[in-house]
Amino acid sequence: MSNTASATAKNTDHNVKSTHASPLHYLMWFRRDLRVHDNTALAALCERANTDNAQVSAVFFLTPEQWQAHNMSLAQVDHITRTLPLLAQNLQTQLHIKLLVQVSPSFSDCIETLSDFCTTNNITCIMANHEYEGNEIARDEQLTKQLAKNDIEFIRFHDQCILPPHSITTNDDSMYQVFTPFYKKWRHTLEVSTIQIHKAATIKKHSNVDLTLSQDSANTIKEIEILGKKTTNNYQKMLQDSESLQHIDIEAQMTQAREAYPAGETDACQRLEDFIAEDIDNYDVSRDVPSLQATSQLSAYLTIGSISPRLCYLQAYKAQEKLHGNDSDNDDINRWISELAWRDFYRHVLVEKPELIRHQAYKNETDKNISWSYNTDDFAAWCRGKTGVPLVDSAMRNLNATGFMHNRLRMVTAMFLTKDLLIDWRLGERYFMQQLIDGDFASNNGGWQWSASTGTDSAPYFRIMNPFSQASTHDANGEFIKTWLPELKDIPTSILHSEEKLRKALSKGGKFVNIDYPLPMVEHKTARQLAIAEFKK
Ligand code: FAD
């Protein structure tokens, strides 16, 4: 592992060269990469600035309209706005770079603001890391053209993945459709090449520029904090009328998320260190038990970029060498690394299939042939955790209360919605984005299309999870269910794990008829057969 600041040729889109006379002023545009450590664009910009004796400023846009269009959860917006003052502080103390935070409601505003900003402040080069969603790509292309008119460079780097999109392909240079061969090649590539941690150098030329500000912007740490809070509050107001949030105590969800996810890269890196020291060596077994909380819970940080995925990989790889020497077949650490690879895989898929951003099914034929249900009562029961299926309901109530859901439960609840209720996966996909603190288009779309059997390398349509047997395997003592459904605390776990026994216990004449909890809304066996018949069709 090298600590140099240079961007690898693989990660760069353009040759980085200076074309303007001094005094030079460069700009780092932060997006989903809210960190100083191992930030590819930031490291490249600092290196070039020091070579050219240029000053550097940084900018981040708060884009409420865009967030709403992406169904971004309030918990995630709050996480971003809590992270910004810490980023500003790290930039100032470590690199001598000032961060300007600016509200820019829409995409077109953002383009105009950036070009004006560059002209006013004599900025000749902007660097940023790639974003892979369709709208973002279009915005960046538009901006590149606009800036070029004034001879301003806009250079982007691949930074969101451990290995960049298009770098892991089949022998005939096409995309892997199936994860396992992708993973094998991905691992092999990492083993035969060194991935770099990009360390940004402190800027030698101190900035003497007072950035030109508009009304809704901030450039001191205190102001950034205030503007962040104000923007979070305004976003909360924007969401107030959203129908799918009416049953949620959004304030309480945000408070829970704040406690569970302290902001900033220092906390994120500490979490990675703790996970590797304490939990990774049991990951393969404990990762499937929601009540243990034995996964890394780094997704919220990875999503907004306050931790680098390469750092995650390298630390896990080092732990593997330290703990197991040459036994590279250690299942626990390999399993965790393979989860990081799933994250890369879904991003690579999105770049290859940009139409996914319009919520098209990867398997087109499922869009044409499956008669998805749009039953609003069924959907509302699922959202509210009132389906009568304890594992599904406890998971949904946990999501609504905390803004997070364990991976096993995401699969169980998504399969229940798309197979037992045969509801269009897109409704579930949107609902998850509206709640999750780690909501991320590529991983969420990938997870939903996997569960709905409409995606690449997705679950076969006939392999439908039974939520009662899932509960018996993954919540054997009923701890998770009883934590989130306290009304069921007196019901023996063996009853909660059996649809038949639960129906009987809650029905007239049953021992628990007085408990305020609905009967299972569908019979799993019948629902499963209906779903299989629909897919066969
Ligand atoms: P760990 O088990 O510690 O894994 C480490 C990291 O690997 C995670 O932080 C995450 O970045 C990545 N990862 C793990 N599992 C997956 C996976 N199946 N697909 C892609 N990346 C993975 N993940 C998101 O980050 N955002 C989402 O919006 C999202 N939506 C999902 C929706 C559904 C229906 C499903 C089935 C999965 C979804 N996932 C999503 C993937 C996964 O559930 C979460 O990444 C994981 O639960 C986060 O917990 P963790 O950080 O403790 O993960």
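Going by the structure above, here's the rest.
What you are looking at is a predicted structure, and each value in this text was computed from that prediction instead of being measured.

A. Region of the structure containing the pairing of strand β4 (residues 125-129). Within β4, five of the five residues are buried, leaving the element largely enclosed by the surrounding structure. Side chains Cys125, Met127 and Asn129 of β4 all project onto a buried face; the interleaved residues Ile126 and Ala128 project onto the opposite face, where all are buried too. Two elements, strand β1 (residues 25-30) and β4, share three bridges in a ladder whose sense is parallel. Residue pairing across strands places Leu27 opposite Ile126, the latter belonging to β4. Examined bridge by bridge, β4 and strand β5 (residues 153-157) share five bridges and lie parallel to one another. Bridge pairing in β5 links Met127 to Ile155.

B. Quick look at the sheet that holds strand β2 (residues 55-62). The strand order across the open sheet formed by six strands is β5-β4-β1-β2-β3-β6, and the pairing between neighbours is mixed. The sheet terminates laterally at β5 and β6 (217-218), the two strands that pair on one side only. Sheet topology places β2 next to strand β3 (residues 98-103); six bridges connect them, and they run parallel. Looking at β3, one finds that Phe60 is bridged to Val101.

C. Main features of the site of the ligand. Around the ligand, 28 residues are found, and the nearest of them are Tyr283, Thr295, Ser296, Gln297 and Asn407. Contact distances for the ligand include 3.0 Å between an oxygen atom and a backbone N or O atom of Ser299. Contact between the ligand and Trp336: an oxygen atom at 2.9 Å from a side-chain N or O atom of the residue. Surface burial for the ligand is 95%, taken as the share of its 820 Å² of free accessible area covered by protein chains. Mapped by element, the contributors of at least two residues to the shell around the ligand are α11 (299-304), α13 (331-352), α17 (407-420) and α19 (441-451). Residue contributions to the shell around the ligand peak at six residues, all from α13.

D. Layout of the pairing of β1. Within β1, six of the six residues are buried, which leaves the element mostly enclosed by the surrounding structure. Two elements, β1 and β2, share six bridges in a ladder whose sense is parallel. Along β2, the bridge assignment pairs Tyr26 with Val56. With helix α1 (residues 40-52) bridging β1 and its parallel neighbour β2, the resulting β-α-β unit is right-handed.

E. Here's a closer look at the packing of aromatic side chains. Across all of its chains, the model carries 28 aromatic pairs by this definition. Consider the rings of Tyr461 and Phe462, whose centres lie 5.4 Å apart with planes at 80°: the pair is edge-to-face. Grouped by ring-pair contacts, the aromatic residues Tyr176, Phe179, Phe182, Tyr183, Trp186, Tyr313, Tyr317, Trp342, Phe345 and Tyr346 constitute a single cluster. We note Arg31 situated over the ring of Trp29; from NZ or CZ to the ring centre the distance is 4.4 Å. For the cation-ring pair, Lys353 lies above Tyr362, with the distance from its terminal atom to the ring centre recorded as 4.7 Å.

F. Expanded view of unusual backbone geometry. Positive phi, normally seen in glycine, also occurs at Asn53, with a value near 55°. Relative to the elements of secondary structure, Asn53 occurs in the loop between α1 and β2. For Asn53, a relative accessible area of 45% gives the class partly exposed.

G. Fine view of the environment of Ser451. With respect to the element layout, Ser451 can be found in helix α19. Overall, Ser451 belongs to the buried group, its relative accessible area being 2%. In the structure, Ser451 is positioned 209 residues away from Ser242 in sequence and 26 Å away in space, judged by C-alpha atoms. Sequence-distant contacts of Ser451, defined by excluding residues within four places in its chain, comprise Met411, Ala414, Met415, Thr418 and Lys419. In this structure the side chain of Ser451 is engaged in a polar contact, spanning 2.8 Å, whose partner is the backbone oxygen of Gly447.

H. Highlighting the side chain of Asp159. In this fold, Asp159 is placed in the loop between β5 and α6 (179-192). For Asp159, a relative accessible area of 3% corresponds to the buried category. Of the polar contacts made by the side chain of Asp159, one reaches the side chain of Arg35; its length is 2.8 Å. At 2.5 Å, the side chain of Asp159 forms a polar contact with the side chain of Thr40. Once residues lying within four places of it in the same chain are set aside, the contact partners of Asp159 are Asp33, Arg35, Asp38, Asn39, Thr40, Asn129, Tyr132, Pro309 and Arg310.

I. A look at the nonpolar core. Counting 51 residues, the largest nonpolar core has Phe379, Trp382, Met396, Tyr431, Phe432 and Ile491 as its most contacted members. Apart from the residues lying within four places of it in its own chain, the contact partners of Phe432 are Trp382, Met396, Leu399, Met405, Arg410, Thr413, Asn444 and Trp448.

About the cut-offs
Residues numbered from 1 in each chain as written. Predicted model: local features only at pLDDT ≥ 70, side-chain atom pairs only at ≥ 80, totals over all residues. Heavy atoms only, no water. Buried < 20%, exposed > 50% of the residue type's maximum accessible area, 1.4 Å probe, protein only. Helix = DSSP H or I, 4+ residues; strand = E, 2+ residues; numbered from the N terminus. Pairing = 2+ DSSP bridges. Near = heavy atom within 4 Å. Polar contact = N/O pair within 3.5 Å; in protein donor to acceptor, adjacent residues only side chain to side chain. Areas by Shrake-Rupley, 256 points an atom, 1.4 Å probe, with all protein chains shown as cover. Right-handed = clockwise from strand over helix to strand, strands pointing away. Phe/Tyr/Trp six-rings, centres within 6.5 Å; stacked < 30°, edge-to-face > 60°. Lys NZ or Arg CZ within 6 Å of the ring centre and 35° of its normal. Contact = heavy atoms within 4.5 Å. Core = buried A, V, L, I, M, F, W, Y, C linked by side-chain atoms within 4.5 Å.

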